[in-house]
Amino acid sequence: MNAPRVPMRWPAILGLLLGLPAASTLLSCLLLERERFAAAGVDFRLVFWPLATAWYAAQIAILARVLRANGWGWRDIGYGLGRRGTAWLVAGYLVFAGLLVALVESALAGTGMDAEALARLSDFADLSPADTAQRVLYVLMGLVAAPCEELVYRGFAINALRSRGWSAWLAVPAASIPFVFQHGLKSIDQFWWFLAWGLVFGAAFVLLRKLYANIVVHWLVILSAIAAILQALD
């Protein structure tokens, strides 16, 4: 895995790897207000997930500007699919996710579960969305979340640190720490879970040198929260 020829500036590296996780943690503070949303009769997830989706998209836009300002391109961080390849990648995700949601909807339709039972089922399956609207928003959030986190915390972080003379295997754990805090307050309780995934994804990127492979696997991890509903029905 070759480092880009033009070193990334340290202000850009620190700005992204410290600033983005800090902003994500601030956004996650809304999790502390879930009871207020419930008291107002508002579904918290239907508010939080669109906000998270918009923030993921904003992070990709910020990364694009940083790359241009430093003379880098998407290929310099391991993403070389181009617009057509990206369109096919996104289409593949939407088709797979759509089929998965349809399968879940069909399975739940035959259970006769009421809203309260579905809520308990969602708790059992951890992050699984509890109804159709939640599942659609969750899929849309996952569409942007996986590419964002792979572009920033694998493609950019590892290559940027390597451009400053760091070894690949030192850059991987260094990039995994801000990846943990990208997940905000949730990461405090699940620190080792997110750190382990950060190390796995980082090692995969160093070995495979193709960021799109990471994105696909990351999508599967995200969608497993929906598939977990099917396991709970067995």
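See above for the structure.
Residues numbered from 1 in each chain as written. Predicted model: local features only at pLDDT ≥ 70, side-chain atom pairs only at ≥ 80, totals over all residues. Heavy atoms only, no water.

Draft legend 1. Region of the structure containing the environment of A22. Its place among the elements puts A22 in helix α1 (residues 10-28). Between the alpha carbons of A22 and P178 there is a distance of 8.8 Å; along the sequence they are 156 residues apart. (Helix = DSSP H or I, 4+ residues; strand = E, 2+ residues; numbered from the N terminus.)

Draft legend 2. Region of interest: the nonpolar core. With 58 residues, the main nonpolar core has M8, L63, F156 and I226 as its most contacted residues. At the level of secondary structure, the elements contributing two or more residues to this core comprise α1, α3 (44-69), α4 (82-109), α6 (132-163), α7 (168-181), α9 (191-208) and α10 (211-233). Per element, the largest residue contribution to this core is 16 residues, and it comes from α6. Dropping the residues within four chain positions of it, F156 is found in contact with M8, A12, I13, L16, L17, L63, V66, L67, I77 and L151. (Core = buried A, V, L, I, M, F, W, Y, C linked by side-chain atoms within 4.5 Å. Buried < 20%, exposed > 50% of the residue type's maximum accessible area, 1.4 Å probe, protein only. Contact = heavy atoms within 4.5 Å.)

Draft legend 3. Just the packing of aromatic side chains, in detail. Summed over all chains, the structure comprises 10 aromatic pairs. Feature note: the residues F37, F44 and F48 constitute an aromatic cluster, connected by ring pairs. Across from the ring centre of F179, 4.3 Å away, lies the NZ or CZ of R154, which sits over that ring. (Phe/Tyr/Trp six-rings, centres within 6.5 Å; stacked < 30°, edge-to-face > 60°. Lys NZ or Arg CZ within 6 Å of the ring centre and 35° of its normal.)

Draft legend 4. A look at the environment of Y79. Here Y79 shows up in the loop between α3 and α4. Distance from Y79 to A213, taken between C-alpha atoms, is 9.9 Å for residues 134 residues apart in sequence. For Y79, the residues in contact, after removing those within four places along its chain, are W74, T86, L89, L151, L211, Y212 and I215. Within the structure, the side chain of Y79 is placed 2.5 Å from the side chain of T86, a separation counted as a polar contact. (Polar contact = N/O pair within 3.5 Å; in protein donor to acceptor, adjacent residues only side chain to side chain.)

Draft legend 5. View of a nonpolar patch on the surface. Taken together, the side chains of W10, L14 and L18 make up a nonpolar region of the molecular surface, amounting to roughly 300 Å² of accessible area. Position of L18 relative to the elements: it lies in helix α1. Judged by its relative accessible area of 58%, L18 is exposed. (Patch = residues over 30% accessible without salt bridge, like charges linked within 9 Å, V, L, I, M, F, W, Y side chains within 5 Å. Areas by Shrake-Rupley, 256 points an atom, 1.4 Å probe, with all protein chains shown as cover. Salt bridge = Lys/Arg side-chain N within 4 Å of Asp/Glu carboxyl O.)

Draft legend 6. View of the side chain of S24. Tracing the backbone shows S24 in helix α1. Separated by 3.1 Å, the side chains of S24 and Q182 make a polar contact. Ignoring sequence-local partners within four residues, the contact set of S24 consists of W55, Q59, F181, Q182 and G184.

Draft legend 7. Focus on α6. With 32 residues, α6 extends 45 Å between its outermost C-alpha atoms, agreeing within 8% with the 46 Å of an ideal straight helix rising 1.5 Å per residue. Along its length, α6 reaches its greatest deviation from straightness, about 30°, at L151. With 27 of 32 residues buried, α6 lies mostly within the body of the structure. A side-chain oxygen of the first residue of α6 lies 3.3 Å from the backbone nitrogen of A133; this N-cap is D131. (Expected span 1.5 Å × (residues − 1). Bend = angle between axes of the 7 residues up to and from the residue.)

So, to be careful, I would describe these as geometric facts and stop short of saying anything about function.
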